[in-house]
Amino acid sequence: MTAAWAITKLQLRILRNDPWFLVIMFGMPLVVMPLFQATMGLSLVDSGFSSASGAEQVVPGQVVLFGFFVGGSVGFSLFREHGWRTWDRLRASAASSKSLLAGFGVPWIVIHVGYQLALFTAGGLALGLRFNGGSPIALLMMVLGYATCVISLILLVASSFRTVNQVSAFQNVGAMAFGGLGGALVPLEQLPGWAQAIAPITPSYWAMRGHRSIFLESGGVGDVLLPFAVLMGASFVISFAAARRFRADETKEFFA
Amino acid sequence: MLRATGFAKSFGDVAALAGADLEVNAGQVVALLGRNGAGKTTLLSIVSGLLQPDAGSVMLGDVDARTQPEEAAKLVGIAPQDTGIYTVLSVRQNLEFFGELSGMNRPQREQSANDVAEKLGLTPLLDRRAGQLSGGEARRLHTACALVHTPQLLMLDEPTVGADVTTRLQIIDAVKELAAEGAAVIYTTHYLPEVEALGADIVIIDDGRVLAAGTQPELIARHEIRGLRFEIDGPLPGGTFFDRPADELVEISPGTYRLLDNIDMSDLLAGFGDETDRLISVETLKPDLETVFLAVTGNRLDDEPDVESEEAA
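Residues numbered from 1 in each chain as written. Chains lettered and ligands numbered in written order. Predicted model: local features only at pLDDT ≥ 70, side-chain atom pairs only at ≥ 80, totals over all residues.

A description of the overall build of chain B should follow, citing residues and the corresponding values.
Helix and strand counts for chain B stand at 11 helices and 14 strands. With respect to the three principal axes, the spread of C-alpha positions in chain B is 75 × 45 × 35 Å. Residues counted as buried form 43% of the 313 residues belonging to chain B. The contacts of chain B with a sequence gap of at least 6 include a subset with a gap of at least 24, amounting to 71%. (Helix = DSSP H or I, 4+ residues; strand = E, 2+ residues; numbered from the N terminus. Buried ≥ 20, exposed ≤ 12 C-beta atoms within 10 Å, placed from the backbone. Contact = placed C-beta atoms within 7 Å.)

How would you explain the sheet that holds strand β6 (residues 76-79) of chain B if you had to name every residue and give the values?
Strands pair in a sheet through their backbones, by hydrogen bonds, and they do so in one of two ways: parallel or antiparallel. Residues and elements named next belong to chain B. Spatially, the 6 strands line up as an open sheet ordered β6-β7-β8-β3-β9-β10, and their pairing is mixed. Because the sheet does not close on itself, it has two edges, and the strands there are β6 and β10 (209-214). Taken over all neighbouring pairs, the strand axes of this sheet differ in orientation by 15 degrees on average, direction set aside. This element, helix α6 (residues 165-180), spans β3 (29-33), β7 (153-157) and β8 (184-188) of the sheet and lies at about 155 degrees to β8. Contacting β3, β9 (201-206) and β10, helix α10 (residues 289-297) runs over the sheet at an angle of about 35 degrees to β9. (Pairing = 2+ DSSP bridges. Axes fitted to C-alpha atoms, helices over the stretch in contact; angles between N-to-C directions.)

Could you give an account of the sheet that holds strand β4 (residues 55-60) of chain B, with specific residues and numbers?
Residues and elements named next belong to chain B. In spatial order, the strands read β2-β1-β4-β5; together these 4 strands make up an open sheet with antiparallel pairing. If you trace the sheet from one side to the other, it starts and ends with β2 (14-24) and β5 (63-64), each paired once. In this structure, strand β1 (residues 2-11) lies alongside β2, joined through 8 bridges in antiparallel fashion. Among the inter-strand pairings, Ala8 is bridged to a residue of β2, identified as Ala18. The strands touched by helix α1 (residues 40-47) are β1, β2 and β4; relative to β1, the strand with the most contacts, the crossing angle is about 120 degrees.

Describe the interface of chain B and chain A, listing the residues and the values that go with them.
Listed as interface residues are 21 residues of chain B and, on the opposing side, 20 residues of chain A. Looking at the side of chain B that touches chain A residue by residue, the classes come out as 10 nonpolar, 7 polar and 4 charged. (Nonpolar A, V, L, I, M, F, W, Y, C, P; charged D, E, K, R; others polar.)

Give me the packing of helix α4 (residues 73-83) of chain A against helix α8 (residues 164-182) of chain A: which residues, what numbers.
Residue and element names in this part refer to chain A. It is the contact of α4 with α8, at a shortest axis distance of 10 Å, that shows an interaxial angle of 175 degrees. Classified by the angle their axes make, α4 and α8 are roughly antiparallel. Contact residues: α4 offers Gly75, Phe76 and Phe79, while α8 offers Val164, Val167 and Gln171. (Parallel < 35°, antiparallel > 145°, perpendicular 65-115°, else oblique.)

A description of unusual backbone geometry should follow, citing residues and the corresponding values.
Residues and elements named next belong to chain B. A positive phi angle is found at Glu158, which is not glycine, with a value near 50 degrees. Topologically, Glu158 is positioned in the loop between β7 and α6. The partly exposed category is assigned to Glu158, around which 19 C-beta atoms lie within 10 Å. One non-glycine residue, Asp207, lies in positive phi territory at about 50 degrees. Inspection of the secondary structure puts Asp207 in the loop between β9 and β10.

Quick rundown of the nonpolar core? Include the residues and the values.
Core analysis: the biggest nonpolar cluster contains 156 residues, and Val30, Ala31, Ala144, Leu153, Val175, Val185 and Tyr187 of chain B have the highest contact counts within it. Broken down by element, the residue count for this core peaks at 17 residues, all from helix α7 (residues 136-160) of chain A. Each of domain 1 (2-215) and domain 2 (222-306) of chain B contributes no fewer than three residues to this core. Discounting residues that sit within four places of it in the chain, Val30 of chain B has contacts with Val24, Val185, Ile186, Tyr187, Ala200, Asp201 and Val203 of chain B. (Core = buried A, V, L, I, M, F, W, Y, C linked by C-beta atoms within 7 Å. Domains from an automatic or database assignment.)

Take a look at the structure:
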């Protein structure tokens, strides 16, 4: 645990020294949200939510979409160690493979939760998103579930892929594909039938389902239990697979 | 401190190590000498747990490195060949991170970071970002990171490659100091003057096998060779004098030859006959580490190996 904690602090220190990726990932959705708010408002009214402003779709949608991009950072941080030639030093230390994986994964779950909450707060203030009877605790559950699921998924991908370019491709395509299918770009009911049918295979779908329940249907903790359980269950399975797949002695290629 | 026996490791069809043994005691500095691709890095990687051997055992004191890898890792410090430091962190943060990674608490790692920085001349640079260090300073930090948890076995893989004179001397002094404090040290290098400066015992490795081991005087006495090195303009003269086996007369670079025989310069000049004007230079090979290496392996330390063994290691 000492080694995992040391690596956790290392990740946070590196991020503090170079926070610009997160700053950009925070600013970009704040630019996009107002552009689509009115359109999303009309879509929601069409779907039967007569008092919707559009913030109920566009704020969680952009959080979920950009949250996937941010989650990709955990893969990047793992590969970066190979580029910096520090990976062998970590491996030669007393840290076990599980400690290494935990040291990279856990801080990024915390960062991801913080990122989502900051974006909900800023986007909510800017676009007038209100709970309207929905539960803040339920929101915390959904944010945690989504963060855990995305980070686990990226760790599995990073464990399986050989180059950082492959991880980057998955991060970009995954964000757009999962976001589109999961209802983060437009409300789910606006998607074609085939897309709606396969949407539940994506973490974005379950995250958006929880967020809609909270912001459009005044959902409480009990209303988000199913999506929360699905996200956490998937996280558990994916983390297990990542731990099984993770081979510390595997050669990974960074850009260098 | 280290007792490694029967090390074997293959990469595909290429045997990087073929049954190597190595023993290093507390307070002993062992220079591991071998050409590129001889198996030095593979051997260090196995001892440090970075590679699993196909066969053999590694004991660090009473700890079996194969069955107790985490315990073993706490006893070992390794500075790999490539510089590996966190350029976005300060020198102090780098040192303290590697201390913490090995389980040191805050006061221990702060004290150790200061001590190690002092040993390697990094004290004035402790708060500088590692990315702003010069090449030599970065190399010293790279080495310091391997020392910070006060390992009982320190392994430095070509620590002075690309380093300036100051850095070399500081690293050599630090190694001597650590050995005097009781650490066992394995040091690989291609610079034989460093080995002499360290007063290190020698292990010569070639093609994945340990060919010779001992103190410097022992090996020089055991493997003393006599011969000449000469440079000529054009091809070797004809005649029986130069008609010798390939391991006796070797062209070590274009126009430069090594002749291993119990002869002196006058014999060589007689061999040239009336073509002595083509002789550019002649020197007598003195018995030293270079001639020991030559006698043991048949190659100079800086000779290029064949491609296969290079890739293997």
